[in-house]
Amino acid sequence: MAGGTVLVVGGGLAGITAALGLADAGRSVTLVEARPRLGGLTHSFRRSSRAGDLWVDNGQHVFLRCCTSYRRLLDRLGVSDLVSLQPRMDIPVRSGASPRVARLRRSALPAPLHLAGALAAYRWLPPAARVSAARAALALGSVDPDDPAVDEESFGRWLARRGQGPRAVEALWDLVGVATLNAPAERASLALAATVFQLGLLESNDAGDIGWVRVPLQRLHGDAAARALAAAGVRVELRTRVGRLPTTYDDVVVATGPAVSEDLLPGDALDLAPGWSARLGSSPIVNVHVVLDSAVLDEPFVAAVDSPLQWVFDRTAGSGLDPATGQYLALSLSAAEELLGRSVAELREWTLPELGRLLPRSRSARVLDFFVTREPQATFRAAPGSRKWRPATATRLPGLHLAGAWTDTGWPATMEGAVRSGEAAVASVLGRRTERTALGATA
Ligand SMILES: Cc1cc2nc3c(=O)[nH]c(=O)nc-3n(C[C@H](O)[C@H](O)[C@H](O)COP(=O)(O)OP(=O)(O)OC[C@H]3O[C@@H](n4cnc5c(N)ncnc54)[C@H](O)[C@@H]3O)c2cc1C
């Protein structure tokens, strides 16, 4: 029925996608967001420092070429020119124990052969382990992520059964897995891990090309969305926390996080027992921000082995820092349960020597600014068995729909998952059946 009224609760990527899609389909849409800005878990703030005024993202975000729904949203928001996307996946991998660099760089060969050369030359694994890793990768390609038994299994146990020892897990599997799943292999669902590796690395040769943002996240998502929503005729109410769902709309899309969603939904809305959002749980991400008085990293990012630092990104351009003043590095630390409670001083004492081992030039650079951003509930917990706690878009109550990266998209908690969930909510409101495929929810 064209022209019906819809309330979207929550202005993260899921809510933004749902509101835009429904407005485009002719619905009269109101989007309500508790905070003073749109963008949800992707946002930025200003910080004055010795290095000048900086734009700081709450956490470094990257995407892959296979994130087609997310990239379509960027197009819809008119901001695709504000991101960079590698023409060919190329991950420099440095070690905290050696000055040498390895590159996980794909070739133009069809998948999965596109990674064969990179793996064969990957110096952070002994040659026999490279062959064994290639075999395990091929086996992972035929794991069925939609099999509930697969979701109950731990990725770490599966890797161990395929002869992947601690070194292979650290230097290869967790290098990709921790950043995308926000969980180490031993605590990750095999189904979610298989999804990430299949979609990103095994099925198509350009799927894993890496994209990143050249501007503050707030400009890319929240600010651009505010303009696009206004142009589409969506009424946006910021600073408005919904405490109870109104009954005055034809449809309501709840696009908040899992805990708030459980509070907002009537008890009979889902087939899940009370307490489901706590059972799903969450995992933190910590970002350590270091501004140095000289450049110490010559590439947009680097991944780390033999180091707790995981991934380091050059945020100089995105933060507005004058490159003549120095370099702004964001150290993205996923699955950061143990770091969450540490003070800035403790993190500084721990980080700077590690940074010195990974990027030796940083040892002689002066620290102009050092601070930390913490997101305790960055993602849902991608644990074995998590899928049964991820509800579908449609609820048992007519007119009530869900969206959010944590809903049953088949993807881990990513921007792509959030946008797909928003697309699924549009389809649900419009009465189209959504089918969950190996690629997640598609209209
Ligand atoms: C530090 C960090 C790093 C990340 N890195 C990556 C990455 O590299 N790549 C990637 O793809 N993903 C990454 N993610 C995950 C990604 O950001 C999220 O999956 C995605 O943004 C979630 O979007 P969402 O719309 O589902 O939820 P949210 O962004 O959580 O949106 C929910 C919105 O609802 C609002 N809300 C809550 N309660 C109410 C209420 N009662 N009334 C009204 N509004 C309410 C909230 O304020 C919020 O704006 C990262 C996340 C973090 C935190």
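Worth saying up front: this structure is predicted, and the values here are computed from it rather than measured. (Residues numbered from 1 in each chain as written. Predicted model: local features only at pLDDT ≥ 70, side-chain atom pairs only at ≥ 80, totals over all residues. Heavy atoms only, no water.)

This next bit is on the nonpolar core. Among the nonpolar cores identified, the biggest contains 67 residues, and Tyr122, Leu140, Phe155 and Trp173 are the most heavily contacted of them. If near-sequence neighbours (up to four positions away) are discounted, Phe155 is found in contact with Leu140, Trp173, Ala185, Ala188, Ser189, Leu190, Ala193 and Phe197. Formed by 45 residues, the second largest nonpolar core is a distinct cluster that contains Leu217, Ala228, Val253 and Val419. (Core = buried A, V, L, I, M, F, W, Y, C linked by side-chain atoms within 4.5 Å. Buried < 20%, exposed > 50% of the residue type's maximum accessible area, 1.4 Å probe, protein only. Contact = heavy atoms within 4.5 Å.)

Scored by pLDDT, the protein chain comes out at a mean of 95, with 97% of its residues at no less than 70. This model gives residues 433-443 a pLDDT under 50, and the stretch forms 28 contacts once residues within four places in sequence are excluded. (pLDDT = per-residue confidence, 0-100.)

On to unusual backbone geometry, then. Of the consecutive residues Ala111 and Pro112, the connecting peptide bond is found in the cis state with omega at 0°. One non-glycine residue, Arg239, lies in positive phi territory at about 55°. With respect to the helices and strands, Arg239 occurs in the loop between strand E10 (235-237) and strand E11 (251-254). The residue Gln310 is not glycine, and still its phi comes out positive at about 65°. Tracing the chain through its elements places Gln310 in the loop between strand E13 (301-305) and strand E14 (311-314). (Helix = DSSP H or I, 4+ residues; strand = E, 2+ residues; numbered from the N terminus.)

Below, the discussion takes up helix H13 (residues 344-358). A rise of 1.5 Å per residue sets the reference length of H13, with its 15 residues, at 21 Å; its end C-alpha atoms lie 20 Å apart and thus fit the reference within 8%. The complete set of buried residues in H13 reads Leu347, Thr351, Glu354, Leu355, Gly356 and Leu358. Check the buried side of H13 and you find it contacts strand E7 (90-95), strand E12 (282-292), E13, E14, strand E15 (327-333) and strand E16 (367-380). (Expected span 1.5 Å × (residues − 1).)

Taken N-terminus to C-terminus, the directions of helix H2 (residues 68-77) and helix H14 (residues 415-429) make an angle of 75°; their axes are 7 Å apart at the nearest point. On the basis of their axis angle, the class for H2 and H14 is roughly perpendicular. Contacts between H2 and H14 involve Thr68, Ser69, Tyr70, Arg72 and Leu73 from the first element and Met415, Glu416, Val419, Arg420 and Glu423 from the second. Here the residues of the contact of H2 with H14 are counted per class, giving four nonpolar, two polar and four charged. (Axes fitted to C-alpha atoms, helices over the stretch in contact; angles between N-to-C directions. Parallel < 35°, antiparallel > 145°, perpendicular 65-115°, else oblique. Nonpolar A, V, L, I, M, F, W, Y, C, P; charged D, E, K, R; others polar.)

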